[in-house]
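# Residue-level structure breakdown
Residues per chain are reported as follows:
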Amino acid sequence: MTIVNTLPRWRGWRSRPDLPVDRSADDVENASRRFLLYGVLPLWFAPAIADWTMHRRTRIEDTSGLRESLIHTLMMAEAGGPVVLGLTAEINPLVLATMAGAALVHGATAVWDVTLASGEREITPIEQHVHSFLEVLPLTAVAFTACLHWDQVRSLLRGGDSRRSWRLHPKPRPLPAGYLAGFAAAVTVFIALPYGEELLRCARAQAARHKP
């Protein structure tokens, strides 16, 4: 699958009618979708800020330093990439397999992160609990997505029912633009900027230590 072949499917994807997220409907599908979009995904922000605050308090730039901060960047990519797919792409076996695989890799990277950091700086019980919360969120998001698209889970278990199962397609009915814009803004404010500041702080500290 090449980018050249994929791009035409995404042209004009925002021109399609939005998928309604009914805030008054009480059926299981709508309730699950609401909780995923307005519950599970926003839960990422508070523990992310708490984790960044604890890294700052323990002076990560002078202890585990740039290596650990780069691992944090890697984990954000492992969690953020599948979120972008889930919010914009049609859920099919390819997307489900990517989300599940990324969640497992994210968990393994989290173990690597703590293994590195525990020998370099203090990790308090509170920070350990914050890590646990951040580790379970990707698995929770995958679980809710699977429940909403059980037909695609069955297709994945059969290896995919067609070539379409293993190609990226835009959602037939995209999520509201206002929701996507608001979520992107929140990710920027609560995740990208704090952890970008941490990465820059660690890079500067490392460069200062290596000055002749």
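Residues numbered from 1 in each chain as written. Predicted model: local features only at pLDDT ≥ 70, side-chain atom pairs only at ≥ 80, totals over all residues. Heavy atoms only, no water.

### Section: the packing of helix α2 (residues 28-40) against helix α6 (residues 125-148)
Between α2 and α6, whose axes approach to 10 Å, the crossing angle comes to 155°. If you check the angle between α2 and α6, you find them roughly antiparallel. In the crossing of α2 with α6, the sense of the turn from one axis to the other is left-handed. Facing Glu 29, Ser 32, Arg 33, Phe 35, Leu 36 and Val 40 of α2, the residues of α6 in contact are Leu 137, Thr 140, Ala 141, Phe 144, Thr 145 and Leu 148. Here the contact of α2 with α6 is composed, by residue class, of seven nonpolar, three polar and two charged. (Axes fitted to C-alpha atoms, helices over the stretch in contact; angles between N-to-C directions. Helix = DSSP H or I, 4+ residues; strand = E, 2+ residues; numbered from the N terminus. Parallel < 35°, antiparallel > 145°, perpendicular 65-115°, else oblique. Left-handed = near helix turned anticlockwise from the far one by under 90°. Contact = heavy atoms within 4.5 Å. Nonpolar A, V, L, I, M, F, W, Y, C, P; charged D, E, K, R; others polar.)

### Description of helix α5 (residues 93-118)
In this model, α5 (26 residues) spans 37 Å end to end at C-alpha, consistent with the 38 Å of a helix rising 1.5 Å per residue. At the N-terminal boundary of α5, the capping side chain belongs to Asn 92, with an oxygen 3.1 Å from the backbone nitrogen of Leu 94. (Expected span 1.5 Å × (residues − 1). Polar contact = N/O pair within 3.5 Å; in protein donor to acceptor, adjacent residues only side chain to side chain.)

### Notes on the packing of helix α4 (residues 65-88) against α5
Between two packed helices, the angle of one axis relative to the other and the distance separating the axes together describe the packing. Where α4 meets α5, the closest approach of the two axes is 9 Å, and the angle between their N-to-C directions is 165°. Taken as axis vectors, α4 and α5 run roughly antiparallel relative to one another. Helix-helix and strand crossings are classified by hand; for α4 and α5 the assignment is left-handed. Together, Arg 67, Glu 68, Ile 71, His 72, Leu 74, Met 75, Glu 78, Ala 79, Pro 82 and Leu 85 of α4 and Val 95, Thr 98, Met 99, Ala 102, Val 105, His 106, Thr 109, Ala 110, Trp 112, Asp 113, Leu 116 and Ala 117 of α5 make up the contact between the two elements. Along the lines of polarity and charge, the residues of the contact of α4 with α5 split into 14 nonpolar, four polar and four charged.

### Some points on the nonpolar core
Grouped together as the largest cluster of nonpolar side chains are 26 residues, with contacts concentrated most on Leu 37, Leu 41, Trp 44, Leu 87, Tyr 179, Phe 183 and Ile 191. Not counting residues within four places of it along the chain, the set of residues in contact with Tyr 179 comprises Leu 37, Tyr 38, Leu 41 and Leu 87. Core analysis: the next-biggest nonpolar cluster, separate from the first, contains twelve residues, Leu 94, Val 95, Met 99 and Leu 168 among them. (Core = buried A, V, L, I, M, F, W, Y, C linked by side-chain atoms within 4.5 Å. Buried < 20%, exposed > 50% of the residue type's maximum accessible area, 1.4 Å probe, protein only.)

### Re the environment of Gly 160
Among the secondary structure elements, Gly 160 is positioned in the loop between α7 (150-157) and α8 (177-209). Separated by 109 residues in the primary sequence, Gly 160 and Asp 51 place their C-alpha atoms 39 Å from one another.

### A closer look at unusual backbone geometry
Of note in the backbone geometry, Arg 59 takes a positive phi value of approximately 55° without being a glycine. Take Arg 59: it is sitting in the loop between α3 (45-57) and α4. What makes Arg 59 partly exposed here is its relative accessible area of 45%.

### Topic: the packing of aromatic side chains
Using the criterion set out here, one finds five aromatic pairs in the structure. Seen from their ring centres, Tyr 38 and Tyr 179 are 5.2 Å apart, and the 75° between their planes marks the pair as edge-to-face. Of this pair, Tyr 38 sits in helix α2 while Tyr 179 sits in helix α8; the two residues are 141 residues apart in sequence, bridging distant segments of the chain. For Tyr 38, a relative accessible area of 40% gives the class partly exposed. (Phe/Tyr/Trp six-rings, centres within 6.5 Å; stacked < 30°, edge-to-face > 60°.)

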